[in-house]
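Residue-level structure breakdown
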Amino acid sequence: MAKIDQFESIFRAASKLAFEPELVQFERILVITDLSDQDSLPFSEEVKSFLDVFAEKNNPTWKLINGNEFGSVPDLLEQINRYRPDLICTYRNLHIPATQHPYSLGVYVDVLTQATSTPILLMPRMDSQSEFEIDALVKAGTGNVMAITDHLAGDHLLVNVASSLVRKGGKLFLTHVEDQAGFERFFDVIDKISEIDSETARKSIINRLLDEPRDYIESCREVLEQAGDVQVESIVTCGHLLKDHLKLIEEHGIDLLILHTKDDDQMAMHGLAYPLAVEMRDRPMLLI
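Here's what I pulled together on the structure shown here. In this convention, every chain numbers its residues from 1, walking through the sequence in written order. Only residues with pLDDT of 70 or above have their local features reported here, since the model is predicted, and side-chain atom pairs are shown and tallied only from 80 upward, although totals for entire chains, interfaces and linings are computed over all residues. Side-chain metrics in this entry use all non-hydrogen atoms of the structure; hydrogen atoms and water are not considered.

**Looking at the layout of surface pockets**
Roughly 480 Å³ of internal volume is contained in the largest pocket. For the lining of the largest pocket, the secondary-structure elements that each account for two or more residues are α3 (53-57), α7 (156-164) and α9 (198-227). Only protein atoms enter the 1 Å grid used here. Points where a 1.4 Å probe fits but cannot escape make up a cavity, open sets with protein on both sides within 12 Å along at least five of seven lines make up a pocket, and a residue lines them when an atom lies within 4 Å of a point. Grid points are joined across faces, edges and corners, and a volume is the space filled by probe spheres set on the points. Under the scheme used here, helices are H or I runs from DSSP no shorter than 4 residues and strands are E runs no shorter than 2 residues, and both carry numbers assigned from the N terminus.

In structure tokens, the structure reads:
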């Protein structure tokens, strides 16, 4: 029985998840603001300039919803359902003073991330940035894109969406940070089980946890770099989920973050997404 178990372990270890490419297109794009008709135009133009990658790949249709066109969440959801966009572009704290709620997404964005299946591009608020910062953001576009998840291996949707948004000649960072705190709690228990060689178990398990996303990213690299002008960079490490991600974002000059906001078994925003969304107020992020 022990030999059979050993064989199964070797077989499973050799089995690797391979990236499955799929074409992702955003053909109908909806821009939402809480401003008047005239004041909404600069934000709409900012979004179009930031997403100039679409000029390279396809020619989507754009629609703008101004602040005077909705006064409640049901009003906005009705218009979204009517237009059926492939992408929603907006910013946090719609119809509320952002300066009074800096660490909030606002009720509209909170509901949109859960009540619709449409990806949401969350841009920094124009009134929270200088003209120089806005110009720099637009000019950078989507040159450096980072896809973030706490379980990267096999997440084909995240990688396909992220790769579709990288500018020609740009770089896609595929990032996996294993939770060090959770890892240590797990091994506090293993250390108390005398039948287990805890030192060997620690090394073997952490190596396996990090090998899986590394192998998956390598399969992504082989497909994406062969198909186009996107350079793929792998970042796989063990550490503090929020602090290490924030550090990596700054170190690599990331222009756009892409992350999941839904769990299959809960309505609230996915664990890692919310703290990143409230912390990174000066950087665009795509919530899928």
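**Thoughts on helix α4 (residues 73-83)**
The rule is simple: take the accessible area with a 1.4 Å probe, protein chains only, and divide by the maximum for that residue type; under 20% is buried, over 50% is exposed, in between is partly exposed. All of the buried residues along α4 are Val 73, Leu 76, Gln 79, Ile 80 and Tyr 83. Taken around the axis of α4, the buried residues stretch over an arc of 130°, which confines them to a single face. For α4, exposure combined with an orientation more than 90 degrees from the buried face picks out Pro 74, Asn 81 and Arg 82. On its buried side, α4 packs onto β1 (28-32), β2 (61-65), β3 (87-91) and α5 (107-115). Along the arc lie the directions from the helix axis toward the C-beta atoms. Only heavy atoms enter the contact rule, under which two residues are in contact if any of them lie within 4.5 Å.

**Regarding the packing of aromatic side chains**
Pairing of aromatic side chains requires ring centres within 6.5 Å, counting the rings of Phe and Tyr and the six-membered ring of Trp. Pairs whose planes differ by under 30 degrees are stacked, by over 60 edge-to-face, and all others tilted. For the coordinates displayed, the defined rule picks out 4 aromatic pairs. Relative to Tyr 216, the ring of Phe 19 lies with its centre 6.4 Å away and its plane at 80°, an arrangement referred to as edge-to-face. Within this pair, whereas Phe 19 is found in the loop between α1 (2-14) and β1, its partner Tyr 216 is found in helix α9, the two being separated by 197 residues in sequence. Residue classification places Tyr 216 among the buried residues on the basis of a relative accessible area of 1%. With 5.0 Å between their ring centres and 90° between their planes, Phe 43 and Tyr 91 make a pair best called edge-to-face. A residue pair is termed long-range when its members are at least 10 positions apart, and Phe 43 in helix α2 (residues 37-50) and Tyr 91 in strand β3 qualify at 48 residues.

**Observations concerning the pattern of salt bridges**
We define a salt bridge as a contact between a side-chain nitrogen of Lys or Arg and a carboxyl oxygen of Asp or Glu at a distance within 4 Å. This structure, assessed with the given rule, holds 7 salt bridges. The shortest N-O distance in the salt bridge between Arg 167 and Asp 52 comes to 2.7 Å. Taken together, the positions of Arg 167 in the loop between α7 and β6 (171-179) and Asp 52 in the loop between α2 and α3 put the pair 115 residues apart, joining distant regions of the chain. Residue Asp 211 pairs with Arg 214 through a salt bridge whose shortest N-O separation is 3.5 Å. Of this pair, Asp 211 and Arg 214 both sit in helix α9, 3 residues apart, roughly one helical turn. According to the relative accessible area criterion, Arg 214 is partly exposed, its value standing at 37%.

**Quick word on the nonpolar core**
Core analysis: the largest hydrophobic core is formed by 60 residues, its most contacted members being Leu 121 and Leu 165. By residue number, the principal contributor to this core is α9, which donates 7 residues. Excluding its chain neighbours within four sequence positions, the residues that come into contact with Leu 121 are Val 47, Phe 50, Leu 51, Leu 87, Ile 88, Cys 89, Thr 90, Leu 256, Pro 284, Met 285 and Leu 286. Here, the term nonpolar core denotes a set of buried Ala, Val, Leu, Ile, Met, Phe, Trp, Tyr and Cys residues that are joined through side-chain atoms within 4.5 Å.

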